[in-house]
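Examining the three-dimensional arrangement
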There are 2 protein chains.
Amino acid sequence: MAKAPVLTPRADDFPRWYQDLITKAELADNGPVRGTMVIRPYGYGLWERMQQEMDARIKATGTRNAYFPLLIPESYLTREAEHVEGFAPELAVVTRAGGKELEEPVVIRPTSETIVNEYFAKWVQSYRDLPLLINQWANVVRWELRPRLFLRTTEFLWQEGHTAHATREEARAFAARIQSEVYGAFLRDVLAMDFVSGRKTARERFAGAINTLTLESMMGDGKALQMVTSHELGQNFAKAFDTRFVSREGRQEHVWQTSWGSTTRMIGALVMTHGDDDGLRVPPRLAPVQAVVLAVKGDEEVSAAVRALGERLREAGVRVEVDDRTDVPFGRRAVDWELKGVPVRIEVGPRDLESGTAVLVRRIPGTKEPVAVTALPVLLPRTLEDDQALLLAQSRRRREERTVEVSTVDEAVEAAGTGWARIPWAALGPAGEARLGEQGVSVRCLVAADGSVPASDDEPGSVAIVGRAY
Amino acid sequence: MAKAPVLTPRADDFPRWYQDLITKAELADNGPVRGTMVIRPYGYGLWERMQQEMDARIKATGTRNAYFPLLIPESYLTREAEHVEGFAPELAVVTRAGGKELEEPVVIRPTSETIVNEYFAKWVQSYRDLPLLINQWANVVRWELRPRLFLRTTEFLWQEGHTAHATREEARAFAARIQSEVYGAFLRDVLAMDFVSGRKTARERFAGAINTLTLESMMGDGKALQMVTSHELGQNFAKAFDTRFVSREGRQEHVWQTSWGSTTRMIGALVMTHGDDDGLRVPPRLAPVQAVVLAVKGDEEVSAAVRALGERLREAGVRVEVDDRTDVPFGRRAVDWELKGVPVRIEVGPRDLESGTAVLVRRIPGTKEPVAVTALPVLLPRTLEDDQALLLAQSRRRREERTVEVSTVDEAVEAAGTGWARIPWAALGPAGEARLGEQGVSVRCLVAADGSVPASDDEPGSVAIVGRAY
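Small disclaimer: the values here were computed from a predicted structure and weren't measured. Position numbers for residues start from 1 in each chain and track the written sequence from start to end. Here chains are named by letter from A upward and ligands by number from 1 upward, in the order in which they appear as written. For a predicted model such as this one, the threshold for reporting local features is a pLDDT of at least 70, and the threshold for listing and counting side-chain atom pairs is 80 or more; totals across whole chains, interfaces and linings nevertheless cover every residue. Excluding hydrogens and water, the side-chain figures rest on all heavy atoms present in the structure.

All right, on to the domain arrangement of chain A then. All names here are of chain A. Domain delimitation follows an automatic or database domain assignment. Domains assigned within chain A are domain 1 (14-274), domain 2 (291-389) and domain 3 (403-467). In this structure, domain 1 and domain 3 have C-alpha centres spaced 25 Å apart. Note on contacts: a residue pair is in contact if any heavy atoms of the two residues lie within 4.5 Å. Each partner contributes to the interface: domain 1 provides 21 residues, whereas domain 3 provides 21 residues. With both chains or domains summed, domain 1 and domain 3 bury close to 1,600 Å², and 56% of this area falls on carbon and sulfur atoms. Ranking the residues of domain 1 by area buried against domain 3 places R199, T201 and R203 at the top, with a combined share of 36%. Between Lys or Arg on one side and Asp or Glu on the other, a salt bridge is scored when a side-chain nitrogen of the former is within 4 Å of a carboxyl oxygen of the latter. Viewed at the interface, domain 3 and domain 1 are joined by three salt bridges. Close ionic contact of R444 with E216 constitutes a salt bridge, the shortest N to O distance being 3.0 Å. We call two N or O atoms a polar contact when they sit within 3.5 Å, provided that within protein one can donate a hydrogen and the other can accept it, with sequence-adjacent residues counted only if both atoms are side-chain atoms. The interface formed by domain 1 and domain 3 contains nine residue pairs in polar contact (both at pLDDT 80 or more). Labels follow the DSSP assignment, with helices taken as runs of H or I lasting at least four residues and strands as runs of E lasting at least two, numbered in each case from the N terminus. Counting residues per element, the ones that place at least two in the side of domain 1 that touches domain 3 are β9 (196-199), β10 (211-218) and β11 (224-234). Only Asp, Glu, Lys and Arg are considered charged, only Ala, Val, Leu, Ile, Met, Phe, Trp, Tyr, Cys and Pro nonpolar, and every remaining residue, Gly among them, polar. In terms of residue class, the side of domain 1 that touches domain 3 is built from five nonpolar, seven polar and nine charged. Note on terms: buried area is the combined drop in 1.4 Å-probe accessible area of two parts once they are placed together, counting the loss on both.

Written out as structure tokens, the structure is:
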């Protein structure tokens, strides 16, 4: 007898499957104000692990955390022309506060380039103050017309890095370093997610940037998700806010800047990349709970055994939770851990105690086998590393299998029905890009012929990665 | 020749000294919107250490982190009558978003009891779902008429805990546990701050609570600062939002709740408790940088020596920074580290290298002595612990010396000029409290005769702690 599906199968309705999973795995709920969300403890635990891993990598670049205000005078936004044009339609505006109408309305930050520059202009005097490398973990608000949990929410959590450098070359190199050493390393090594690293076309660039670098990943339905971006801002904000320094040669010059961000959207990406019809599958290196030790039935002896095993595994460096809630049916608990995607379940029942074994259920390959309890402290860390590698390989294979080489716009649109297309940028160009746009398809990024990131929009031999996007 | 003071001396003008210190130690700047602040990297580093220490203690109680939206429908606030009365004057209201006037204005959270209850009502069904123990790290906005950096800002950062329990007794016990095991332990063991633990009078209670517990500390000028509070909310919000559960006996009952918070105000408290006329003094257990190894002069050999020493101290478990910026005058760097209150400076010059010594400058006791470099990895951790204890003892002594026993309102007002008064609550009462209020003096809390926290407002033998407050 086939078991009734807990979730809508992906093949039937991918968006419904996504929504089901978010709800049933208790990751998040819709908030009362349109487009906002409540991140529940299990979902927030994923975010906390992301923050830990990212924060360590960000600090390793010499960047320090700070905090800039949530509320920005509306006039700041208007100082950089492209920036205000890009963000004005999404702003939430406070017009009343402390019981009075405000003389100048203030906006809730959609991003912080403007307010950051107001202070960089005060803090930077000399080349000795550069580079200035700042990051903040914060919430931002962008009014969303088509919200979807984690992927597109009116309020989201993120980190935003803001740096100032003496030269354009240094700024460019720093943006590239963040993209590879922080974001790329984190996605590959922790989230077990494959990606393509490239540059955005002028059409897709951040409002106010001279160049935007992106990492794009393919989701389970073949669509693209922009995972993270790093921007070279040139001197645009420096000129708007007059952020200058005295160079080594004694000249007044405007700084060169970068900004870069990653958000709670990565939780949605995690679901859509690694999830299956039974629920989420969390990469072991990320997982807040790597292994759950389950008491199959209620029994003092079993309960003591699972606790002791949990303790031994903790000592072996595994993040463990013990589940001996035997007043809840075993089947329901097993389904729940499966939905939540905990990488490994270790099930212990009365008969296992006699034989000194337990059942090891690996969520990622989907295997189930009896193992000697004494072997687990050595076996488990290796198993978790194997399953981490398996997830990354599956993610890479999906992209490779679902990406096709094409040479016309029509072929690209067709390929975008199931995955991505690669098309020479010279054959597509801004005109072809506009035609793709009419079909709901976009250029996710440009990559150089050798797979590296092109140094300019018109680098010969560049290839456009084309697909439908979230 | 006496050196010119870097800061306004405390005795001349305490508020000016505070403002000078915040600016010169690079803790924070005023934000562009009135009452907001920019927390600079050194100030934010203190907050990150506070978060780490607090978060571990919060999680040890079984509480898990989550995240609730910034934006709350205005109507939510009005459901609990006292709550809306307390917060309405401080609200910031978004009336325009996405380019349109909103049909229902939304407020920026001043605190989250209302929106939390909206979800607790959905998540809690049965006694099996209780206790529900949630915390969030977030920003909140309360429009401030008399802002002061860290102490009273329009936006501040905090953690807010929200819990639901099956009985009043459990809720009461949990609020008390947070107060002692989380807040009290953190203040004493990490911030090295003395405090009095008590209950607020009805006049000073949180809007919507049936009881508020507080920890009050005495600042360097003898005034009181409310450090943290924990509230028993009774069933007030549960009734307003219909947060009910089916009890073990099968009855529908409203949950009993607590909420509790601590904020970036603690950074201001740290300054006003441990700061002196030379700057901040950071307790070693909190300090992001516990020791700075300074190269006195520029020299390849000295530079190599300070780096090697830094590495050895790091291996000994000390949080170290190496300062070999010898293009900046030594005196200026020394003053800067003193301002920032790094507990220990280790100064190494060319002559020290020959003798195998360094100069150990302890910021907290203010001593300076030559030490053998080889002894430092063992000596330093002990020195830091000694200085941690010294700060706590100084903070306790201040309170003891500046607290007097009085029996009349006039005596209490007089005592509040230099510190605190203790007066029997039976002799003061709500009428006396109102008279104090006319003089700008308040009852900080009530303590029982034996120093414990009174179980009710009218517990016989209770003593009121009276003072001026920030």
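C-alpha atoms of residues with pLDDT of at least 70 in both copies form the basis for the least-squares superposition of the copies. For the pair chain B and chain A, the superposition axis carries a translation of 0.0 Å, the fit reaches an RMSD of 0.0 Å, and the rotation angle comes to 180°. Here the two chains are linked by the operation of a two-fold rotation axis. Distance from the rotation axis, computed per C-alpha, reaches its smallest value in chain B at B:V94: 2.1 Å. Interface residue correspondence from chain B to chain A reaches 100%, placing this contact among same-surface, isologous pairings.

Remark on secondary structure: sheet strands pair via backbone hydrogen bonds, oriented parallel or antiparallel. Residues and elements named next belong to chain B. By the convention used here, strands pair only if DSSP detects at least 2 bridges between them. Pairing is mixed in the open sheet, where five strands are placed in the order β16-β15-β17-β18-β19. A single partner strand is all that each edge strand has here, and the edge strands are β16 (320-323) and β19 (367-372). Sheet twist, expressed as the mean angle between neighbouring strand axes with direction ignored, is 25°. With respect to the sheet, helix α10 (residues 330-340) is in contact with β15 (291-295), β16 and β17 (344-348), its orientation differing from that of β15 by roughly 175°. For helices, the axis comes from a line fit to the C-alpha atoms of the stretch in contact; other axes are also lines fit to C-alpha atoms, and the angle between any two N-to-C directions lies between 0 and 180 degrees.

Residues and elements named next belong to chain A. Counting across every chain of the model gives 62 salt bridges over all chains. With a shortest N-O distance of 3.0 Å, R188 and D189 are connected by a salt bridge. With a 1.4 Å probe rolled over the protein chains alone, any residue whose accessible area is under 20% of its type maximum counts as buried; one over 50% counts as exposed, and the rest are partly exposed. Take D189: its relative accessible area is 26%, and that puts it in the partly exposed class. Its salt-bridge partner being D336, residue K340 comes within 3.4 Å of it at the nearest N-O pair. Here the residue K340 and the residue D336 both occupy positions in helix α10 (residues 330-340), the gap between them amounting to four residues, near one helical turn. Judged by relative accessible area, which is 8%, K340 ranks as buried. You can call D336 partly exposed: its relative accessible area is 22%.

Below, the discussion takes up helix α5 (residues 113-123) of chain B. With nine of eleven residues buried, α5(B) lies mostly within the body of the structure. Buried residues of α5(B): B:E113, B:T114, B:I115, B:V116, B:N117, B:E118, B:Y119, B:F120 and B:W123, and no others.

All names here are of chain A. Relative to the assigned elements, S462 resides in the loop between β22 (442-447) and β23 (463-467). For S462, a relative accessible area of 2% translates into the label buried. Those residues in contact with S462 that sit more than four places away from it in its chain are P424, W425, A426, V447, A448 and P454.

Per-residue pLDDT for chain A has a mean of 96; in total, 99% of the residues score no lower than 70. Both scores are given for the predicted complex: the pTM is 0.97, the ipTM 0.96. pLDDT measures the predictor's confidence residue by residue and takes values from 0 up to 100.

Another aspect to go through is the pairing of strand β18 (residues 357-362) of chain A. All names here are of chain A. Taken together, the four bridges between strand β17 (residues 344-348) and β18 define a ladder with antiparallel strand orientation. When the sheet's bridge partners are listed, E347 is paired in β18 with V359. Relative to strand β19 (residues 367-372), β18 is paired through six bridges, and the arrangement is antiparallel. Paired with V359 across the two strands is P370, which belongs to β19.

Moving on: the packing of helix α8 (residues 265-274) of chain B against helix α12 (residues 376-401) of chain B. Residue and element names in this part refer to chain B. Orientation of α8 relative to α12, taken along the N-to-C sense of each, is 80°, at an axis distance of 10 Å. Viewed along their axes, α8 and α12 adopt a mutual orientation that is roughly perpendicular. Counted together, M272, T273 and H274 of α8 and L391, S395 and R398 of α12 form the full contact between these two elements. Tallied by class, the residues present in the contact of α8 with α12 amount to two nonpolar, three polar and one charged. Angles are sorted into four bins: roughly parallel if under 35 degrees, roughly antiparallel if over 145, roughly perpendicular if 65 to 115, and oblique for all others.

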